[in-house]
There are 2 protein chains.
Amino acid sequence: MDPELALFANDAFYLAFSEQDVAAMDRIWARRHPVICIHPGWPALLSRTAVMESWERILSNPDAPEIVPHHARAFVMERLVMVVCYEALGSQMLTATNLFVAEDDKARLVHHQAGLCAQPPDPEPEGSRTVQ
Amino acid sequence: MDPELALFANDAFYLAFSEQDVAAMDRIWARRHPVICIHPGWPALLSRTAVMESWERILSNPDAPEIVPHHARAFVMERLVMVVCYEALGSQMLTATNLFVAEDDKARLVHHQAGLCAQPPDPEPEGSRTVQ
């Protein structure tokens, strides 16, 4: 898969998150591959149903802090692309990985994992990203 | 890749960790693919050199707590296999993902990420594991 396609899908993932758009979030997750989602502090969610239920809960929270991704880097791994980035979530900084697979000529998410980062890099301008 | 091969390599990863065996840890990480390692609270390490330097530091700590993996689950993703498991690390519980690629008929690690888990599942007998 073209890593630029994964970076584009990574932007779409954070846009769906920011805009609390459950339907857009649903479109981003893979339908014909296993999916894995690990929110900070959570156990692993290992089915599409459990993953989407979690997003419905998270995105329906009216007090959800703004999320701003930065330092997105794409790594081609066989036919998948791993995007590593940081998430500024309110006053917290998280390290995140998003793994994309091709389905119907689109990059769809099969894995998202985010955890607290104690020593993040300095923020970059929003949207900065690199194919490694 | 046969997911059993990835589960075997996952066991080898935690054995190298437990036995503080830097050479064994080095053999587990991929040589011809990008590698990504995110230790709990750390920023992402994005080169093999940085990843192995981190393991040399971690594995040379004489006070390192015991690490016991459990609930290992393998998911085939195209030609890669993602193993999701929990790490009992002293009194802490972490959720971890380990992504393996085939190199020279072996499963080698291209991604490891671990973060604190506030609500882990009950421990299973050591070594329990499943291909999904």
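Residues numbered from 1 in each chain as written. Chains lettered and ligands numbered in written order. Predicted model: local features only at pLDDT ≥ 70, side-chain atom pairs only at ≥ 80, totals over all residues.

### Concerning the overall build of chain A
Definition in use: Secondary structure elements are taken from DSSP: a helix is a run of H or I of four residues or more, a strand is a run of E of two residues or more, and numbering for both begins at the N terminus. For the radius of gyration, the atom set is restricted to C-alpha positions; the globular benchmark scales as 2.2 Å times the number of residues to the power 0.38. To assign burial, the other C-beta atoms lying within 10 Å of each residue's own C-beta are counted, with C-beta atoms placed from the backbone; 20 or more indicates buried, 12 or fewer indicates exposed, and intermediate counts indicate partly exposed. Contact definition: two residues whose C-beta atoms, as placed from backbone geometry, lie within 7 Å.
Of regular secondary structure, chain A possesses three helices and six strands. Its helices and strands in sequence order give chain A the pattern α-α-β-α-β-β-β-β-β, from N to C terminus. Computed over its C-alpha atoms, the radius of gyration of chain A comes to 14 Å, within 12% of the 14 Å expected for a compact globule of 132 residues. In terms of its C-alpha atoms, chain A occupies a principal-axis envelope of roughly 35 × 35 × 25 Å. Across the 132 residues of chain A, 42% fall into the buried class. A separation threshold of at least 6 residues defines the contact pool for chain A, and within that pool the share at least 24 residues apart is 54%.

### Thoughts on unusual backbone geometry
All names here are of chain A. Residue H71 is not a glycine yet carries a positive backbone phi of 55 degrees. Along the polypeptide, H71 turns up in strand 2 (residues 67–77). With 20 C-beta atoms packed within 10 Å, H71 lands in the buried category.

### Notes on the interface of chain B and chain A
Interface size, as often reported, equals the accessible area lost upon joining of the parts. This is how the line gets drawn: Residues are sorted three ways: Asp, Glu, Lys and Arg are charged, Ala, Val, Leu, Ile, Met, Phe, Trp, Tyr, Cys and Pro are nonpolar, and all the rest, Gly among them, are polar.
Counting from both sides, the interface comprises 31 residues of chain B and, opposite them, 31 residues of chain A. Counting residues per element, the ones that place at least two in the side of chain B that touches chain A are strand 1 (36–38), strand 2 (67–77), strand 3 (80–89), strand 4 (92–103) and strand 5 (106–116) of chain B. Ranked by the residues each element gives to the side of chain B that touches chain A, the list is headed by strand 5 of chain B, at five residues. Residue composition of the side of chain B that touches chain A, by class: 19 nonpolar, nine polar and three charged.

### Regarding the pairing of strand 2 of chain A
Residue and element names in this part refer to chain A. The criterion, for reference: Think of it this way: DSSP has to see at least two bridges between two strands before they count as a pair.
Burial runs high along strand 2: eight of the eleven residues are buried. With nine bridges joining them, strand 2 and strand 3 (residues 80–89) adopt antiparallel strand pairing. If you follow P69 over to strand 3, its bridge partner there is E87. Connecting strand 2 to the antiparallel partner strand 3 that follows it, the hairpin turn spans two residues, and E78 within it adopts a positive phi of roughly 55 degrees.

### Topic: the relation of the copies chain B and chain A
For the record, the criterion: The superposition of copies rests on a least-squares fit of C-alpha positions from residues with pLDDT of 70 or more in both.
Between chain B and chain A, which share one sequence, the superposing operator has a rotation angle of 180 degrees and an axial displacement of 0.0 Å; the RMSD is 0.0 Å. Such a combination of turn and shift is consistent with a two-fold rotation axis. Minimal C-alpha separation from the rotation axis in chain B is found for G115(B), amounting to 2.8 Å. The fraction of interface residues of chain B whose copies in chain A are also interface residues reaches 100%, indicating that both copies meet through the same surface.

### A short note on the nonpolar core
To keep it simple, the criterion reads: The term nonpolar core refers to a group of buried residues, namely Ala, Val, Leu, Ile, Met, Phe, Trp, Tyr and Cys, whose C-beta atoms join them within 7 Å.
Core analysis: the biggest nonpolar cluster contains 76 residues, and V81(A), V83(A), F100(A), L80(B), V81(B), V83(B) and F100(B) have the highest contact counts within it. Apart from the residues lying within four places of it in its own chain, the contact partners of F100(A) are M1(A), A6(A), A9(A), L80(A), V81(A), V83(A), A107(A), R108(A) and L109(A).

### Some details on the pairing of strand 3 of chain B
All names here are of chain B. Most of strand 3 is tucked away, with eight of its ten residues classed as buried. Looking at chain direction, strand 3 and strand 4 are connected through nine bridges and run antiparallel. Each residue of the ladder has a partner; that of L89, found in strand 4, is Q92. With antiparallel pairing between neighbouring strands as the criterion, strand 3 and strand 4 make up a hairpin whose turn holds two residues, including G90 at a positive phi of roughly 60 degrees.

### Considering the confidence of the model for chain A
We count it as follows: Per-residue confidence from the predictor is given as pLDDT, running between 0 and 100.
When pLDDT is averaged along chain A, the result is 93; 94% of the residues meet or exceed 70. This complex was scored by the predictor with a pTM of 0.93 and an ipTM of 0.92.

### A short note on helix 1 (residues 3–18) of chain B
Residues and elements named next belong to chain B. The criterion, for reference: Here, expected helix span is obtained from the residue count minus one, scaled by 1.5 Å. Throughout, the arc means that of the directions going from the helix axis to the C-beta atoms.
Between the first and last C-alpha of helix 1 there are 23 Å, a value that for 16 residues agrees with the 22 Å anticipated at 1.5 Å per step. Among the residues of helix 1, those classed as buried are P3, A6, L7, A9, N10, F13 and F17. The arc that holds the buried residues of helix 1, viewed along the axis, is 160 degrees, so those residues lie on one side. Note on helix 1: the residue one or two positions beyond its end, Q20, has a positive phi of about 50 degrees.

### Topic: the environment of F17(A)
By the secondary structure assignment, F17(A) is in helix 1 (residues 3–18). Along the primary structure F17(A) and N61(A) are separated by 44 residues, whereas in three dimensions their C-alpha atoms are 11 Å apart.

### A word on the environment of P34(B)
All names here are of chain B. Assignment of secondary structure puts P34 in the loop between helix 2 (22–28) and strand 1. In this structure P34 comes out as partly exposed when scored by C-beta crowding, with 19 C-beta atoms within 10 Å. For the pair formed by P34 and L109, sequence separation is 75 residues and the distance between their alpha carbons is 9.6 Å.

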